[in-house]
Amino acid sequence: MEDPIQLKEEGNKYFQANEYEKAVQSYTQAIKLNKDKALQAVLYRNRAACFLKKEEYAKAASDASRAIDINASDIKALYRRSQALEKLGKLDQAFKDAQKCATIEPRNKNFQEALRRLGANIQEKLRVQFSTDSRVQKMFEILLDENSEKDKREKAANNLIVLGREEAGAERIFQNNGVSLLLQLIETKNAELILAAVRTLSGMCTGHKARATAILHYLGIDNICMWMSVDNEEISLAVCNLLQTITDCLLGQGTEEHHGKEEAVVLDTKKDLRMITMRLLDMLVSKKVSGQGRDRALNLLNKNIPRKDLKDHDNSRTIFVIDNGLKKILKVVGQIPEMPDCLPLTENTQLTASVLLNKLYDDLRCDPERDNYRGICEEYIKSKIDPQDMDKTLHAIQMVSGVLQGPFDLGNKLLSMKGVMEMMVALCGSEREIDQLVSVEALIHATTKLSRATFIISNGVALLKEIYKKTKNEKIKIRALVGLCKLGSAGGTDYGLRQFAEGSTEKLAKQCRKWLCNTSIDARTRKWAVEGLAYLTLDADVKDDFVEDEPALQAMFELAKTSDKTILYSVASALVNCTNSYDTKELVPELVQLAKFSKQHVPEEHPKDKKDFVVKRVKRLLKAGIVSALACMVKADSAILTDQSKELISRVFLALCEDPKDRGTIVAQGGGKALIPLAVEGTEVGKIKASHALAKIAAISNPDMAFPGERVYEVVRPLVSLLNTERDGLQNYEALLGLTNFSGRSDKLRMKIVKERALPDIENYMFENHDQLRQAATECMCNLVVNKEVQERFVADGNDRLKLVVLLCGEDDEKVQVAAAGALAMLTAAQKRLCSKMTEVTTQWLEILQRLCLHDNMEVQHRGLVIAFNLISADKELAKKLVETELLEILTYIGKQEDDPKKQHIINVARDCLTRCMDYGLIKPLSRA
């Protein structure tokens, strides 16, 4: 067993060497082994000193308190606790400890200075507190006085919002009856005052569970839901954000801050969360709720109910919603806007509900849970099918249609329910236009799978053609056309699996483009034209015609920028098809021959899907303004922007970034900014594609222009995520180029790269056999070694980092040599310890150094001579060792050369080396020839 006194001495040595973590470990071990109370107090106060140096103030205060519990007059422990409490903002307690120190040692200047400083800080805090209280009071007086000037009211409202976001300000508002006054502002019915009050409340709730809970109970969830239901988009959104902030606090998410004994005050939050969930579900089916309000409720459920991480086994929130609200969600998807009894909806409501159905279904963990979900759906839909009441049956078909847009597998099972498919086909032949409208839409959603499409081709094509020819209603006509488009594209990109006769798909596409450009038709109907093109653009002839039709492209981009977000997936799908950014399987020639021999179908590529045609299409799309449309689509704050939609947008961006000449245009139109959220959230494939697009931009762009301000730091993580053996070589290479570019900009960026733990990955690529990857990684490291923390890692014992750089200097690849020699030159200049270490890591060091100093490439030669100068300057013994080798002849040969502007910098470094050797007295002055 180790001796506590020895461990204490060891800890003291570590502390003096600034190795605070090792010191903490030694003191902690000693505390565990020690039985002596006096020594225990010393160990605790010493560990408190370490925690102060590490800026872990709560731990420092705790350890100092333990030392004081053993010895109440331990002056060092008292002073350390005072320092820690001051840093934690507990000025009153810090002042008391400093007072005790000054009483024990009245002449100690440090204690007297601490007392003066703390006294002044306490006075300032009280002054601010009292002035904040009076400011808060004044603001409310201005806001609640109807006779106040408009400018004064606006200024007071903005000041209140800012104050609510600061912890001290939020607490003062809360303590001074502020929530009651904010409620009065909301009750004024003045939109500006309501917005100011709601935004102030959001700031007050952020990161403070106790306050958020108190505000929720004071305002009442019924009131919050009522305000969110109003038909005012700004107010509805602001209240939605307030409820999201409260929910984040209750779930323990977001920027949670610690506020003393808060955890002891707050009761179990599950009850509050269930209450919020129940009210949101009630909002879905209430006629009093506006379409905006219904969308907000659906978005909140989408965001907060399903698990964020499937590794978390608790899906109780999802089960609760299925048991208590699945029928309510189904009622929303079953609404028919053209019917008089329809709930207030926006163009996004029903698709948002379908997305929620899908997320809930995906969040289920086992077959019994999925069977229960299906059982509720089947029972509810069966209760709506009534051959005697066509309106009721129509709602059932609309529900199936809605489920098909959500959990597709479940939708397929519902289609196979007795009478559903037959009813859909029968309604297509109905005389009523509303029946045709709903049933055609349902048929479209039912034909997503090739097998079902084949069934409908044999049963429903004739019906759709009949409807298309006979109906005079444009809404039905366009839907029938989309049905035909979808059936016509059921073979995908396979040229040999065309469902319709040659030229039919082009005719359908032409009609879709015509409708798309017709602004006299309502946007909801034109949206279906985009839906049709999303299927038809799988055909290369259609893609080519579409990108040549600039008015049609412009019309689609304008639709993508509207408030109707249901169009996002269709637009993204059409663009993925036009840019050929979907995944394709590489065909093995031997297997193709084998398939032909056995008379199996072999997928065929359309001639217009070859690279030249794709490049032309990308150029046309860029010219038409695709980037601004995609950037607008990414901003959609809606559950309809699903991870799948994000993946499609990421694919398109990557295809657009292929040509380096286009990347400046993409950045100028907001592409760089739009890619950052895509690289952070979404499917794994989508995040990789977006990260790769960012890497392409980062590799050749000026980071300050491509990602201005703080945005550049957000790009580092996506780039680092590509440094992975599971990614392909091009992704690794372009990510390294991007990081090299970034690491050359500022030390703050270098620090960010280090914090993202990129160094081990970059080092791994320096070992790569692939020349370009090894070169890119070495260049990146060359830029990173300017950072002090990176230098420390080279200095640390037990690693081969320096050896690797030295050996890379001896590589045959000139570009690798330039980068490695640059890194070594900077390391040896910054850290003298590395100069002697360099001579120990490999026996080849001298040979490599001599080769660098004689290199034909002047850049390599200059760096080699700088390394030699650093070694000579570092230590006389090291300089003596170098003088005794052939390096002296090399330096003399270069130093004696005539002045030459082209290589003067090289000659000067060689002469500096010789001068330093003369200063040491190792060589005598030479007269130059």
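Coordinates for the structure precede this section.
A brief look at the structure comes next. None of the values given here were measured: they were computed from a predicted structure.

1. Structural notes on the side chain of Arg-727
Step number 1: Positionally, Arg-727 belongs in the loop between helix H41 (711-721) and helix H42 (729-743).
Step number 2: One buried charged residue, Arg-727, remains without a salt bridge, the closest side chain of opposite sign being Glu-684 at 4.1 Å.
Step number 3: Discounting chain neighbours no more than four positions away, the residues touching Arg-727 are Glu-684, Ile-688, Ser-721, Leu-722 and Asn-732.

2. Comments concerning the packing of aromatic side chains
Step number 1: Under the definition given, this model contains four aromatic pairs.
Step number 2: Pairing Tyr-79 with Phe-111 gives two aromatic rings, centres 5.2 Å apart and planes at 55 degrees, and the pair type is tilted. Taken as a pair, Tyr-79 in helix H5 (residues 75-87) and Phe-111 in helix H7 (residues 109-144) lie far apart in primary sequence, 32 residues in all.
Step number 3: Note on Phe-111: relative accessible area 6%, which makes it buried.
Step number 4: Considering the side-chain rings of Tyr-361 and Tyr-373, the 5.2 Å spacing of their centres and the 70 degrees angle between planes classify their relative orientation as edge-to-face. Of the two residues, Tyr-361 sits in helix H19 (residues 349-362) while Tyr-373 sits in helix H20 (residues 367-384), which places them 12 residues apart along the sequence. In this pair, the class of Tyr-361 matches that of Tyr-373, namely buried.

3. What about the pattern of salt bridges?
Working definition: two side chains of opposite charge can pair if their charged atoms are close together.
Step number 1: In this structure the tally under the stated criterion is 48 salt bridges.
Step number 2: Between Glu-378 and Arg-374 there is a salt bridge whose closest N-O contact spans 3.4 Å. Remark: Arg-374 and Glu-378 occur in helix H20; sequence separation between them is four residues, near one turn of the helix.
Step number 3: The salt bridge partner of Glu-558 is Lys-561, with a shortest N-O separation of 3.9 Å.
Step number 4: Owing to a relative accessible area of 45%, Glu-558 belongs among the partly exposed residues under this scheme.
Step number 5: Using a relative accessible area of 32% as the deciding quantity, one classes Lys-561 as partly exposed.
Step number 6: The network of salt bridges with common partners includes Glu-21, Lys-54, Glu-56 and Lys-59.

4. Some words on unusual backbone geometry
Glycine aside, negative phi is the norm for most residues, and most peptide bonds take the trans geometry.
Step number 1: The phi dihedral of Glu-55 falls on the positive side, at around 65 degrees, and the residue is not glycine.
Step number 2: Inspection of the secondary structure assignment puts Glu-55 in the loop between helix H3 (37-53) and helix H4 (57-70).
Step number 3: Residues other than glycine seldom take positive phi values, yet Asn-580 does so here, at roughly 55 degrees.
Step number 4: One can find Asn-580 in the loop between helix H32 (568-578) and helix H33 (589-597).

5. Considerations on helix H54 (residues 904-920)
Step number 1: Here H54 contains 17 residues, and its C-alpha end-to-end distance of 25 Å stays within 8% of the 24 Å for a straight helix at 1.5 Å per residue.
Step number 2: Packed against the buried residues of H54 are helix H51 (858-874), helix H52 (876-883) and helix H53 (887-895).

Quick notes on the rules
Residues numbered from 1 in each chain as written. Predicted model: local features only at pLDDT ≥ 70, side-chain atom pairs only at ≥ 80, totals over all residues. Heavy atoms only, no water. Helix = DSSP H or I, 4+ residues; strand = E, 2+ residues; numbered from the N terminus. Buried < 20%, exposed > 50% of the residue type's maximum accessible area, 1.4 Å probe, protein only. Lys, Arg positive; Asp, Glu negative; His and termini not counted. Salt bridge = Lys/Arg side-chain N within 4 Å of Asp/Glu carboxyl O. Contact = heavy atoms within 4.5 Å. Phe/Tyr/Trp six-rings, centres within 6.5 Å; stacked < 30°, edge-to-face > 60°. Expected span 1.5 Å × (residues − 1).

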